[in-house]
Protein chains: 2
Amino acid sequence: MLNNQGAADLDSVFHALADPTRRAIVARLCEGPASVSELAKPFAMSLPAIVQHLQVLEHSGLVRSEKIGRVRSCSIVPGTVREAEAWLGLRRTSAERRLDRLEGFLNQNHPAKPI
Amino acid sequence: MLNNQGAADLDSVFHALADPTRRAIVARLCEGPASVSELAKPFAMSLPAIVQHLQVLEHSGLVRSEKIGRVRSCSIVPGTVREAEAWLGLRRTSAERRLDRLEGFLNQNHPAKPI
DNA sequence: TTGATTGTTAAGCACATGCTTAAGTATTCG
DNA sequence: CGAATACTTAAGCATGTGCTTAACAATCAA
């Protein structure tokens, strides 16, 4: 299989999110499931193009889908969104802790004088 | 200018993060500033390749750099990391609120019976 | 069964990406 | 000065991306 039952690698997750059409699809699916043509409706783009975007999103683990009759229902996978967010969160907090220490160090040696 | 004084558009931020070499550079810079050759050292890749990755990161607003003498010092821009994280956070929470409402609805109509 | 709906597959094209090597430019050190 | 250091620029190449159109299923509804 592509990923561990849809567990995403960050390469494909961030790549999937790097396109505005795909981010809009993700945003839409965060409000609830939708069919392929429902997802396509807002865009000035052929249906196959949307299907290709959905393939990128599904490959990344951000979206899953199930075909019932002739309709494919797509929905978000919140866990994958959380993974990408967590990667960013870890780096950001580590960078900000470092900046806090730096600020502390600067205040210690050159205390900010009021006015 | 490329962006509003480095204020990132999500396209270029997520695209920058979609490469493992660039994510490793970001992770390294979250521990503190570094020169181009320091950043290049861990990778089995030519220096120009690293410089190109740094250009992608700087264009996205994730990294900034300043050249002093012959050394270019690179550092992280925490605000940009925070922007990307915030986009994901908003979508995730909205998706999860929706799932919570759905769960509440299901419990209301088919209450989970103990054992 | 006929026709409309909903998606799928395949081929192709313009352009972007991620590397490479080779040849430059500054800057600092002895 | 001359040599070493630290990038920088340019060109080229294989592969990937984001679309298109055209043709093909599969399903549902009259």
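Structure report, in brief. Predicted model only: the values in this text are computed from it and were never measured.

1. Notes on the side chain of Ser-94 of chain A
Piece 1. Relative to the helices and strands, Ser-94 of chain A resides in helix α5 (residues 78–109).
Piece 2. Judged by its relative accessible area of 12%, Ser-94 of chain A falls in the buried class.
Piece 3. Within the structure, the side chain of Ser-94 of chain A is placed 3.1 Å from the side chain of Glu-31 of chain B, a separation counted as a polar contact.

2. Thoughts on the protein's contact with DNA strand C
Piece 1. As a matter of local geometry, DNA strand C sits amid 20 residues, with Ser-37, Arg-70 and Arg-72 of chain A together with Ser-46 and His-53 of chain B nearest to it.
Piece 2. At the protein interface, 67% of the atoms of DNA strand C within 4 Å belong to sugar or phosphate.
Piece 3. In the model, a phosphate oxygen of DNA strand C is placed 2.7 Å from a nitrogen or oxygen of the Ser-46 of chain B side chain.
Piece 4. With respect to DNA strand C, the side chain of His-53 of chain B contributes an N or O atom lying 2.3 Å from a phosphate oxygen.
Piece 5. Elements with a minimum of two residues in the surface near DNA strand C: α3 (36–40), α4 (47–60) and β3 (71–76) of chain A together with α4 (47–60) of chain B.
Piece 6. When residues in the surface near DNA strand C are grouped by element, the largest group, 4 residues, is from α4 of chain B.
Piece 7. Within the surface near DNA strand C, the residues separate by chemical class into 7 nonpolar, 7 polar and 6 charged.

3. Side note on the relation of the copies chain A and chain B
Piece 1. With an RMSD of 0.0 Å, the fit of chain A onto chain B corresponds to turning through 180° and sliding 0.0 Å along the axis. As the rotation angle and translation indicate, the two copies are arranged about a two-fold axis.
Piece 2. Comparing interface residues between copies, 100% of those in chain A also lie at the interface in chain B; the contact surface is shared.

4. Topic: the interface of chain A and chain B
Piece 1. With 31 residues of chain A at the interface, the matching set in chain B holds 31 residues.
Piece 2. Of the roughly 2,700 Å² buried at the junction of chain A and chain B (both faces included), carbon and sulfur atoms supply 66%.
Piece 3. Considering only the surface of chain A that becomes buried against chain B, Arg-23, Glu-85 and Leu-88 of chain A emerge as the three largest contributors, covering 20% of it.
Piece 4. On inspection of chain A and its partner chain B, the count reaches 6 salt bridges.
Piece 5. Across the salt bridge formed by Glu-96 of chain A and Arg-82 of chain B, the nearest N and O atoms sit 2.6 Å from each other.
Piece 6. The tally of links from chain A across to chain B stands at 9 residue pairs in polar contact (both at pLDDT 80 or more).
Piece 7. Listed by contribution, the elements that provide at least two residues to the side of chain A that touches chain B are α1 (10–17), α2 (20–29) and α5 of chain A.
Piece 8. The element that contributes the greatest number of residues to the side of chain A that touches chain B is α5 of chain A, accounting for 15 residues.

What counts and what doesn't
Residues numbered from 1 in each chain as written. Chains lettered and ligands numbered in written order. Predicted model: local features only at pLDDT ≥ 70, side-chain atom pairs only at ≥ 80, totals over all residues. Heavy atoms only, no water. Helix = DSSP H or I, 4+ residues; strand = E, 2+ residues; numbered from the N terminus. Buried < 20%, exposed > 50% of the residue type's maximum accessible area, 1.4 Å probe, protein only. Polar contact = N/O pair within 3.5 Å; in protein donor to acceptor, adjacent residues only side chain to side chain. Near = heavy atom within 4 Å. Nonpolar A, V, L, I, M, F, W, Y, C, P; charged D, E, K, R; others polar. Least-squares fit on C-alpha atoms with pLDDT ≥ 70 in both. Contact = heavy atoms within 4.5 Å. Buried area = accessible area lost by both parts, 1.4 Å probe. Salt bridge = Lys/Arg side-chain N within 4 Å of Asp/Glu carboxyl O.

It is worth stressing that arrangement in space is one thing and function is another; only the former is reported here.
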